[in-house]
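Observations on the model geometry
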Amino acid sequence: MSTAIVWFRRDLCLEDNPALSSASQRHERIVPVYVHSPSTRNPWAAGDTSRWWLHQSLAALSQALAARGSSLRLCQGEAASALRAIANETAACAVYWNRRYEPGEAKSDELLIQSLRKAGIHSETYGSSLLLDPSGVKTEKGCGYRVFSPFWKRFTGILKSDAYCWRPLPAPAPWRHATDTCRNFPTLAALNVLPKGCWHQKFTDNWKPGAAGANERLEHFFRCCLARYPHQRDLLADEVTSRLSPHLHFGEISPRQILWRLKPFLARKQDDPERAGAECFLRQIGWREFAHHLVFHHPELPDHPLRRSFSGFPWRSPDDYAEDLCAWRAGQTGIPLVDAGMRELWQTGWMHNRARMVVSCFLTKNLLIPWQEGARWFWDTLVDADLANNIVGWQWSAGCGPDAAPYFRIFNPVTQARRFDPDGRYVRRWVPELALTAGQAIFAPWDTNASPRNYPKPIVSIAASRHRALTAYTALRRRQVSSRPEL
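These notes cover the structure that comes with them. Model, not experiment: these values are computed from the prediction. (Residues numbered from 1 in each chain as written. Predicted model: local features only at pLDDT ≥ 70, side-chain atom pairs only at ≥ 80, totals over all residues. Heavy atoms only, no water.)

Take the overall build of the chain next. Across its full length, the chain carries 18 helices and five strands. Its C-alpha radius of gyration of 24 Å places the chain within 12% of the 23 Å reference for a compact globule of 487 residues. With respect to the three principal axes, the spread of C-alpha positions in the chain is 75 × 60 × 55 Å. Per-residue burial for the chain yields a buried fraction of 52% across its 487 residues. Sequence separation of at least 24 residues holds for 79% of the intrachain contacts in the chain that already meet a minimum separation of 6. Just so you have it, the chain exposes about 22200 Å², and 52% of that area is on carbon and sulfur atoms. Side-chain charges of the chain comprise 62 positive and 46 negative groups, with the mean position of each set lying 3 Å from the other. (Helix = DSSP H or I, 4+ residues; strand = E, 2+ residues; numbered from the N terminus. Rg over C-alpha atoms; globule rule 2.2 N^0.38 Å. Buried < 20%, exposed > 50% of the residue type's maximum accessible area, 1.4 Å probe, protein only. Contact = heavy atoms within 4.5 Å. Areas by Shrake-Rupley, 256 points an atom, 1.4 Å probe, with all protein chains shown as cover. Lys, Arg positive; Asp, Glu negative; His and termini not counted. Charge placed at Lys NZ, Arg CZ, Asp CG, Glu CD.)

Laid out in structure tokens, this is it:
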């Protein structure tokens, strides 16, 4: 009777889990394992909000396994040593896991495979977190894409081809549990995944981590939001977006499951509103794939701009921007839409995508604070803190990433509020100091002397700071032009 280990990582579900399905088909007994490997040397170790979600998701996975008569074995330390030890203890002959695509992950997996091979243990890896492996989507020259439009054309072409299979999702694995000879492995509480303090308890009102919560979100989106999605997804006060991003990040639902649910809507008539919603939502899935594609092909992106010439941009110095950065983090900039977005983030661990674009543009362009500062804050506070999405999103806002118009795009937070929060419901919800401010004055209370005493004055003039940003960008472009060699 053969035994295999299934190593769970960021694939915390039983359904549509390729590693789990394959192991279950080939072996009589399965040992589910999660290895917690915190590292102080990793600059992108999970932030407190991500750790809260991870703890809840591991608890949900453990319950799902228990319902099948199995259990999740938890351990802490270096993955290779932990997996070899469990294999020796349980007589497992193979380890199965799903790949990750962040910088360094492929190299780490290869070293792990070599380590297991030396111990006489077979290993197999699979793709589950993306629809397409980034290494397989390339230009005609064999390079990775840097612009979304040609990437999207190639990406959708592959999805429509015969090579990409629309086969049914694999059924949940039938569990025949390998009895552990040692019961001394840590409990979830003993892993210390959960951050200290009680501040994170407020997230339980807004989120249900785990595969069950992911599927509830998915069904609600298709039932209540899909037809409205193309026209209302940018409205800040309306919950028309899917909010699936944290579930996708932790692998509680796979992008292939979402694609499969989209399939019948994509086959409807052209004028069907739900088809339009499905096409629009698939494009958002494409943006997620594109972000991972960029970071896979440019592993330096977490620390360096995609547009390398942008390295010389004249950001303000830390001593100069320290107070403004604190005001931005706390939602005390005096700019209502910016403050609403930042307070929503602090209270819920999430922010509407339109608000994310506004607050990131405000930080990088109106305040001239480096995008890395914003990326770090989002990394610590977002429940969907995904490295690729976070970094590429911030570089897009700063103008140093995959943006066709980085030079002149500077969002005006007042104009954005009037367009995407026309009745002020979003601002009033998250900035209660302005709840009684009437009409359009809520978006720029300083213009009408409508700011209440307990709400700060703007830390910067929108018009003057826009001019300052354009001047800085113009100077950078001129330096780039003058430094080009003559032909």
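Still more ground to cover, so stick around.
A few words now on the pattern of salt bridges. In a structure, side chains of opposite charge can pair up when their charged atoms sit close to one another. Tallying each qualifying case throughout the model produces 24 salt bridges. Across the pair E89 and R73 runs a salt bridge whose closest N-O atoms are separated by 2.9 Å. Taken together, the positions of E89 in helix α3 (residues 79-90) and R73 in strand β3 (residues 73-76) put the pair 16 residues apart, joining distant regions of the chain. Take R73: its relative accessible area is 6%, and that puts it in the buried class. Across the salt bridge formed by R268 and D272, the nearest N and O atoms sit 3.7 Å from each other. (Salt bridge = Lys/Arg side-chain N within 4 Å of Asp/Glu carboxyl O.)

Strands sit in the order β3-β2-β1-β4-β5 across an open sheet of five strands; the sheet is parallel. With one partner strand each, in any of the chains shown, β3 and β5 (122-126) form the two edges of the open sheet. Neighbour to neighbour, the strand axes of the sheet diverge by 25° on average, direction disregarded. Two strands pair when backbone bridges link them, and strand β2 (residues 29-36) and β3 are joined in this way by four bridges, in the parallel orientation. Across the sheet, residue V35 finds its bridge partner in β3, namely C75. Packed on one face of the sheet, helix α1 (residues 18-26) meets β1 (3-8), β2, β4 (94-98) and β5 and runs near 155° to β4. Relative to β2, α3 is tilted by about 155°, and along the sheet it contacts β1, β2, β3 and β4. (Pairing = 2+ DSSP bridges. Axes fitted to C-alpha atoms, helices over the stretch in contact; angles between N-to-C directions.)

Below, the discussion takes up the nonpolar core. Side chains that are nonpolar tend, in soluble globular proteins, to be buried together. In this structure, I258, W328 and F378 are the most contacted members of the largest nonpolar core, which totals 95 residues. Every residue in contact with I258, bar those within four places of it in the chain, is listed here: L218, F222, L244, L248, I253, F281 and I285. Counting residues in hydrophobic clusters, the runner-up holds 29 residues, among them L20, L61, A94 and Y126. (Core = buried A, V, L, I, M, F, W, Y, C linked by side-chain atoms within 4.5 Å.)

What follows deals with the pairing of β5. Alignment of β4 against β5, held across five bridges, turns out to be parallel. Paired with V95 across the strands is S123, a residue of β5. Taking the sense of rotation as the criterion, the β-α-β connection linking β4, helix α4 (residues 105-118) and β5 turns out right-handed. (Right-handed = clockwise from strand over helix to strand, strands pointing away.)

What follows deals with the packing of helix α6 (residues 211-224) against helix α9 (residues 255-266). Direction vectors running N to C along α6 and α9 enclose 20°, while the axes themselves pass 12 Å from each other. Relative to α9, the element α6 is oriented roughly parallel. Between α6 and α9 lies a crossing of right-handed hand. Contacts from N215, L218, E219 and F222 of α6 reach α9 at Q257, I258, R261, L262 and F265. (Parallel < 35°, antiparallel > 145°, perpendicular 65-115°, else oblique. Left-handed = near helix turned anticlockwise from the far one by under 90°.)

A few words now on the environment of C224. With respect to the helices and strands, the residue C224 is situated in helix α6. Along the chain, C224 and F296 lie 72 residues apart, while their C-alpha atoms are 35 Å from each other.

With that out of the way, let us pick up unusual backbone geometry. Unusually for a residue other than glycine, D16 sits at a positive phi of about 50°. With respect to the secondary-structure elements, D16 resides in the loop between β1 and α1. By relative accessible area, D16 is classed as buried at 5%.

A separate point is the packing of aromatic side chains. This model, assessed by the stated rule, comprises 33 aromatic pairs. Measuring from centroid to centroid gives 6.1 Å for Y145 and F151, while their planes differ by 75°, and the two rings are edge-to-face. Each member of the pair, Y145 as well as F151, carries the same accessibility label: buried. Ring centres of F151 and F155 lie 5.6 Å apart, and the angle between their planes is 20°; this geometry places the pair in the stacked category. Placement of both F151 and F155 in helix α5 (residues 148-160) is noted, with a separation of four residues, approximately one turn of the helix. Across the pair, F155 and F151 agree in class, each one buried. Aromatic ring contacts, followed pair by pair, group Y145, F148, F151, W152, F155, W287 and F290 into a single cluster. Sitting above the plane of the W7 ring, R9 keeps its charged end 4.5 Å from the centroid. Its end group placed over the ring of F222, R261 keeps NZ or CZ at 4.4 Å from the ring centre. (Phe/Tyr/Trp six-rings, centres within 6.5 Å; stacked < 30°, edge-to-face > 60°. Lys NZ or Arg CZ within 6 Å of the ring centre and 35° of its normal.)

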